[in-house]
Amino acid sequence: MRVHQRFGYGVATLLLASSVFHLVVYAVDGGGWAGPVSWRKPILFGFSFGVTLASLVWVVGRLTPVPRRAGWLVGALGVACFTEVALIDLQRWRGVPSHLNFATPFDAAVSAILAGTAFAGLIPPIVIIARLAFRGLDAPPSMRLAIRAGLVVLLLSQVAGGALIANGRAIGLPPERTDLSIFGVAGQLKVPHAVTLHALQVLPVLAALLMLTAWSERVRIRLVTLATAGYGGLVVVSVLQAAQGLAPTDLTVTSGTVLLASVAAFGVAGALTLARLGTGRPGVVRGWPRRVTGKEVGRRRIMD
């Protein structure tokens, strides 16, 4: 494992440990789960940033050819993720909202750093990784599909995050007075942001489980495609509900139909995978994991 990978996984582990720690604090301290000042934020942000960072570090390790600036990509992501979670944790321990809080100069500075870090430290590396992933990945076709689909959806999560910030600024009220993620009457912009954030974990995990089955690679591709369509449908429903100013549970005929079809598609893919789990021979998928020759190792070291 290379230095930048150890760094990335180390930061991800630290963020996940922070999430667990704050979950224990919440269990002891109690308090409400919702609201701008709750233990929910350090718990969920620590978890989401941790698993997302770990996933991106893993993807960088599968890129072919190995990017010359892999260390810079992972380093920027690690620093940005750590900064975001650390400031969110700090503001919770201070008992004040973390985002869009301009009550004092210090709070305003924290809000500015959170927004700036997201746009400058997270989005550019994710865009670069996604672009490189469409050029080459050391993975079988089904896994390549899962990774690329997950990265596309992750890019949508950055758009959803920007919409959250823009909506909060448009409302123009302190976060203590209203929920700045509400769009229209009851639309929850948090929901599409959360749904799009974790496709990069869900789809590759399904693809990895498929590699433990006796399904052929052609069938695996079909099942990953089915799961991707199902996950995409969930994204569409979450966006439709929020854009129409409707609560997540206040489904229309259209969104309800899409939701049922999406759940069915993803459920079928998952059920078929689990039904055949353990029937295959792990590690025999053609081309992955493959043996790296000494010549390739030398070439990768030169490129780094």
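Structure: see above.
Residues numbered from 1 in each chain as written. Predicted model: local features only at pLDDT ≥ 70, side-chain atom pairs only at ≥ 80, totals over all residues. Heavy atoms only, no water.

Draft legend 1. Looking closely at the overall build of the protein. A count of helical and extended segments in the protein gives ten helices and two strands. Along the protein, helices (α) and strands (β) appear in the sequence α-α-α-α-α-β-β-α-α-α-α-α when read from the amino end. What you see for the protein is a C-alpha radius of gyration of 21 Å, in line with the 19 Å of a compact globule of 304 residues. Overall, the protein is about 60 × 50 × 35 Å in size when its C-alpha atoms are taken along their principal axes. Burial status across the protein gives 45% buried among its 304 residues. In the protein, the share of contacts with a sequence separation of at least 24, taken over all contacts with a separation of at least 6, comes to 75%. Accessible surface, the protein as shown: approximately 14900 Å² in total, 69% of it carbon and sulfur. Of the side-chain charges in the protein, 28 are positive and 11 negative, and the distance between the mean point of each set is 15 Å. (Helix = DSSP H or I, 4+ residues; strand = E, 2+ residues; numbered from the N terminus. Rg over C-alpha atoms; globule rule 2.2 N^0.38 Å. Buried < 20%, exposed > 50% of the residue type's maximum accessible area, 1.4 Å probe, protein only. Contact = heavy atoms within 4.5 Å. Areas by Shrake-Rupley, 256 points an atom, 1.4 Å probe, with all protein chains shown as cover. Lys, Arg positive; Asp, Glu negative; His and termini not counted. Charge placed at Lys NZ, Arg CZ, Asp CG, Glu CD.)

Draft legend 2. Quick look at the packing of aromatic side chains. A complete count under the given rule lists three aromatic pairs for this structure. Geometrically, the ring pair formed by tryptophan 39 and tryptophan 93 is edge-to-face, given 4.9 Å between the ring centres and 65° between the ring planes. Of the two residues, tryptophan 39 is situated in the loop between α1 (3-29) and α2 (40-62) and tryptophan 93 in helix α3 (residues 70-94); the sequence distance between them amounts to 54 residues. In this arrangement the basic side chain of arginine 148 is found over the ring face of phenylalanine 134, its NZ or CZ atom lying 5.6 Å from the centre. (Phe/Tyr/Trp six-rings, centres within 6.5 Å; stacked < 30°, edge-to-face > 60°. Lys NZ or Arg CZ within 6 Å of the ring centre and 35° of its normal.)

Draft legend 3. Spatial organisation of the packing of helix α7 (residues 199-210) against helix α9 (residues 253-275). One can describe the packing of α7 onto α9 by two numbers: an axis separation of 9 Å at closest approach and a directional angle of 30°. The handedness of the crossing between α7 and α9 is left-handed. Contacts between α7 and α9 involve Val202, Leu203, Leu206, Leu209 and Leu210 on the former and, on the latter, Phe266, Ala269, Gly270 and Thr273. Residue composition of the contact of α7 with α9, by class: seven nonpolar, two polar and no charged. (Axes fitted to C-alpha atoms, helices over the stretch in contact; angles between N-to-C directions. Left-handed = near helix turned anticlockwise from the far one by under 90°. Nonpolar A, V, L, I, M, F, W, Y, C, P; charged D, E, K, R; others polar.)

Draft legend 4. Spatial organisation of the side chain of serine 55. Inspection of the secondary structure puts serine 55 in helix α2. Residue classification places serine 55 among the buried residues on the basis of a relative accessible area of 11%. In contact with serine 55, other than residues within four places in its own chain, are Leu200 and Gln201.

Draft legend 5. Highlighting the pattern of salt bridges. Under the definition given, this model contains three salt bridges. Note that arginine 62 is salt-bridged to aspartate 138, the shortest N-O span being 3.2 Å. Of this pair, arginine 62 sits in helix α2 while aspartate 138 sits in the loop between α4 (105-133) and α5 (141-171); the two residues are 76 residues apart in sequence, bridging distant segments of the chain. On the accessibility criterion, arginine 62 (17% relative accessible area) is buried. By relative accessible area, which is 9% here, aspartate 138 ends up buried. (Salt bridge = Lys/Arg side-chain N within 4 Å of Asp/Glu carboxyl O.)

Draft legend 6. Seen up close, a nonpolar patch on the surface. Residues Val20, Val24 and Val28 make up a contiguous nonpolar surface patch of about 300 Å² in total accessible area. Assignment of secondary structure puts valine 28 in helix α1. By relative accessible area, which is 71% here, valine 28 ends up exposed. (Patch = residues over 30% accessible without salt bridge, like charges linked within 9 Å, V, L, I, M, F, W, Y side chains within 5 Å.)

By themselves, these are just geometric observations and shouldn't be taken as functional.
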